[in-house]
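Structural characterization, general
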Amino acid sequence: MAKTVQCVPGGHQIPIEKAYWCNECNFYLCDHEVTWRPGNYFICKKGHKVSKAT
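Quick look at the structure, then. (Residues numbered from 1 in each chain as written. Predicted model: local features only at pLDDT ≥ 70, side-chain atom pairs only at ≥ 80, totals over all residues. Heavy atoms only, no water.)

This brings us to the environment of lysine 18. Among the secondary structure elements, lysine 18 is positioned in the loop between strand E2 (13-15) and strand E3 (20-22). Taking relative accessible area as the criterion, lysine 18 reaches 55% and is therefore assigned exposed. For the pair lysine 18 and alanine 2, spaced 16 residues apart in sequence, the C-alpha to C-alpha distance is 11 Å. When neighbours within four sequence positions are excluded, lysine 18 is seen to be in contact with Leu29, Cys30, Asp31 and Lys52. (Helix = DSSP H or I, 4+ residues; strand = E, 2+ residues; numbered from the N terminus. Buried < 20%, exposed > 50% of the residue type's maximum accessible area, 1.4 Å probe, protein only. Contact = heavy atoms within 4.5 Å.)

In structure tokens form, the structure reads like this:
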């Protein structure tokens, strides 16, 4: 069974392999909560660079 995490505080459960992590906000995000930027990286809605969750 895949590990699940909560997308943003109060959000839904998502598989960790589909999640992103924001060090600045200190929570997980799903692909609907991040935006791709040229240079091959994603940002959260507050503009922080995020990484794939592990």
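Ordered in space as E4-E3-E7-E6-E5, the five strands form an open sheet in which the pairing is antiparallel. The two strands at the open ends of the sheet, each matched to only one other strand, are strand E4 (27-29) and strand E5 (35-37). Strand-to-strand twist in this sheet, taken as the mean axis angle between neighbours without regard to direction, amounts to 45 degrees. With two bridges joining them, strand E6 (residues 41-43) and strand E7 (residues 49-52) adopt antiparallel strand pairing. Considered in E7, the bridge of isoleucine 43 is made with lysine 49. (Pairing = 2+ DSSP bridges. Axes fitted to C-alpha atoms, helices over the stretch in contact; angles between N-to-C directions.)

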